[in-house]
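# What the coordinates show
Residues per chain, in single letters:
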Amino acid sequence: MDHEANKPDQGEFEQLTGQLADLGRMFEKTNRQIVDYLAHRDARRGESGPSLGDTSELAGLLRELGEKLDRAGSAAAPVSVPASGTPAGLSASQMAEHLAPVLEKLGVLDQQNTALYQTMEQLRSHIDGGVQSLAELLVPQPEQEASSSVGGDWITAVLGPELAAHDASRHLLEGVLAGDGAAQGLAGQLLVFRSAPLERLPQLLKDVGEAFYRWHSKSVPGNDPFEEALANYVQRSCENAGIYNSIELVHPGERFDAARHNAASRGVEIIQVFGWIVLRDNGKVYTKAAVEVR
């Protein structure tokens, strides 16, 4: 009788033993999942890629584990099952409550690591961009052409603001920089005129005119725009200084007048102009215009 009575107890014991074995295997699998997760997370800290914070599989294992522990607890007294990384002697619900926050914290930490990695990448990008910009600033710039390195201030100092604004002033400057003697002569005469004492200005009117025609010859009728601008400029400069000499332009095709023109040969018609006529304040000729005749 005693032997028969013990059979149900033996069956219940074997059933409990099987359940505990299942629990042990589930604990082992859960711990292995956690260890693998931590190792994987640590290995990817220096790499880019999607977050590894997906713990759904572990959460499912814990729920299944809790259910089996509850069933085992209803069949027998609470059983102490030690597991790596978890305290012994916990009930099923306590063990699930203990492990679930751990997994949740692991996911949060992984998200924080990912955010930190992205922030570091942005910072490194900003630093790289700043270093590149600094390097570009430190690279020596190629020397500019002479025509652009000597600019508007130089032209204004030589020609004055009025003539410097004229389109032909650039052509004159290019000739000076290219070593054209006629262009350099005109620029030099203008510098002399702008810096000369007042008593010399009437005579310098003749010199400026002849310097202009050496640079820009005149062999066809009509006034050149820069010729007119130059004549008006030097005449107005004299007027501003209280000197009232005036300038009269000469044109090819005009009849030669010995009282107003100078020529190296005989002729009746002017074919090329080498200077302009400077008049006194009373309209009489002060200096004659040098011309070529035929």
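Small disclaimer: the values here were computed from a predicted structure and weren't measured.

Here is what the cut-offs are and how they apply
- Residues numbered from 1 in each chain as written.
- Predicted model: local features only at pLDDT ≥ 70, side-chain atom pairs only at ≥ 80, totals over all residues.
- Heavy atoms only, no water.
- Helix = DSSP H or I, 4+ residues; strand = E, 2+ residues; numbered from the N terminus.
- Buried < 20%, exposed > 50% of the residue type's maximum accessible area, 1.4 Å probe, protein only.
- Contact = heavy atoms within 4.5 Å.
- Areas by Shrake-Rupley, 256 points an atom, 1.4 Å probe, with all protein chains shown as cover.
- Pairing = 2+ DSSP bridges.
- Axes fitted to C-alpha atoms, helices over the stretch in contact; angles between N-to-C directions.
- Phe/Tyr/Trp six-rings, centres within 6.5 Å; stacked < 30°, edge-to-face > 60°.
- Salt bridge = Lys/Arg side-chain N within 4 Å of Asp/Glu carboxyl O.
- Core = buried A, V, L, I, M, F, W, Y, C linked by side-chain atoms within 4.5 Å.
- Parallel < 35°, antiparallel > 145°, perpendicular 65-115°, else oblique.
- Left-handed = near helix turned anticlockwise from the far one by under 90°.
- Nonpolar A, V, L, I, M, F, W, Y, C, P; charged D, E, K, R; others polar.

### Quick notes on the overall build of the protein
- Looking only at helices and strands, the protein features ten helices and six strands.
- Relative to its 294 residues, the protein shows a buried fraction of 30%.
- Excluding contacts between residues fewer than 6 apart, the proportion of contacts in the protein whose partners are at least 24 apart in sequence is 62%.
- For the protein, the computed accessible surface area is about 18,100 Å², with 53% contributed by carbon and sulfur atoms.

### Some details on the sheet that holds strand 1 (residues 246-248)
- Strand order in the open sheet made by the three strands is 1-4-5, with antiparallel pairing throughout. The open sheet terminates on both sides in strands that have one partner only, identified here as strand 1 and strand 5 (285-287). With strand direction ignored, the average angle separating the axes of adjacent strands in the sheet is 45 degrees.
- Pairing of strand 1 with strand 4 (residues 277-279) involves three bridges; the strand directions are antiparallel. Each residue of the ladder has a partner; that of Ile247, found in strand 4, is Val278.
- The sheet contacts of helix 9 (residues 201-215) involve strand 1, strand 4 and strand 5, and relative to strand 5 the element is tilted by about 70 degrees.

### Observations regarding the pairing of strand 6 (residues 289-293)
- Here strand 6 shows a buried face lined by Ala289, Val291 and Val293 and an unburied face lined by Ala290 and Glu292.
- As judged from the three bridges shared by strand 3 (residues 270-273) and strand 6, these two strands associate in the antiparallel manner. Each bridged residue has a counterpart across the sheet, and for Gln272 the counterpart in strand 6 is Glu292.

### Regarding the packing of aromatic side chains
- If you walk through the whole model with that rule in mind, you get five aromatic pairs.
- Ring plane angle 45 degrees and centroid distance 6.2 Å describe the contact between Phe212 and Phe226, whose orientation is recorded as tilted. In this pair, Phe212 is assigned in helix 9 and Phe226 in helix 10 (residues 225-240), connecting sequence segments 14 residues apart. In this pair, the class of Phe212 matches that of Phe226, namely buried.
- Between Trp215 and Phe226 the ring centres are 6.0 Å apart and the planes differ by 75 degrees, which places this aromatic pair in the edge-to-face class. Placement of the pair is Trp215 in helix 9 and Phe226 in helix 10, with a sequence separation of eleven residues. In this structure, Trp215 and Phe226 share a single accessibility class: buried.
- By way of ring pairs, the aromatic residues Phe212, Tyr213, Trp215, Phe226 and Trp276 are connected into one cluster.

### Digging into the sheet that holds strand 6
- Reading across from one edge, 2-6-3 is the order of the three strands in this open sheet, with mixed pairing throughout. What marks the edges here is a single partner per strand, and that holds for strand 2 (261-263) and strand 3. Within the sheet, the average angular offset between the axes of one strand and its neighbour, ignoring direction, is 45 degrees.
- Where strand 2 meets strand 6, three bridges bridge the pair, whose relative direction is parallel. Looking at the pairing, His261 lines up with Ala289 of strand 6.

### Overview of the pattern of salt bridges
- As enumerated under the stated definition, the model contains five salt bridges in all.
- Between Lys218 and Glu227 there is a salt bridge whose closest N-O contact spans 3.0 Å.
- Residue class for Lys218 comes out buried when judged on its relative accessible area of 6%.
- The class for Glu227 is buried, based on a relative accessible area of 1%.
- Salt-bridge contacts for Arg294 lead to Glu269; the nearest nitrogen and oxygen are separated by 3.5 Å. With a gap of 25 residues between them, Arg294 in the segment after strand 6 and Glu269 in the loop between strand 2 and strand 3 connect regions that are remote in the sequence.

### Considering the nonpolar core
- Leu186, Phe193, Leu230, Val234 and Trp276 are the most contacted members of the largest nonpolar core, which has 43 residues in total.
- The leading source of residues in this core is helix 9, at eight residues.
- Discounting residues that sit within four places of it in the chain, Val234 has contacts with Phe193, Leu205, Val208, Ile247 and Trp276.

### Some remarks on the packing of helix 8 (residues 181-195) against helix 9
- Contact geometry of helix 8 with helix 9 gives a least axis separation of 8 Å together with a crossing angle of 160 degrees. The angle between the axes of helix 8 and helix 9 places the two elements in the roughly antiparallel class. By crossing handedness, the relation of helix 8 to helix 9 is classed as left-handed. On helix 9, the residues that touch Ala182, Ala183, Gly185, Leu186, Gln189, Leu190, Val192 and Phe193 of helix 8 are Leu201, Leu204, Leu205, Asp207, Val208, Ala211, Phe212, Arg214 and Trp215.
- Of the residues assigned to the contact of helix 8 with helix 9, the class counts are 13 nonpolar, two polar and two charged.

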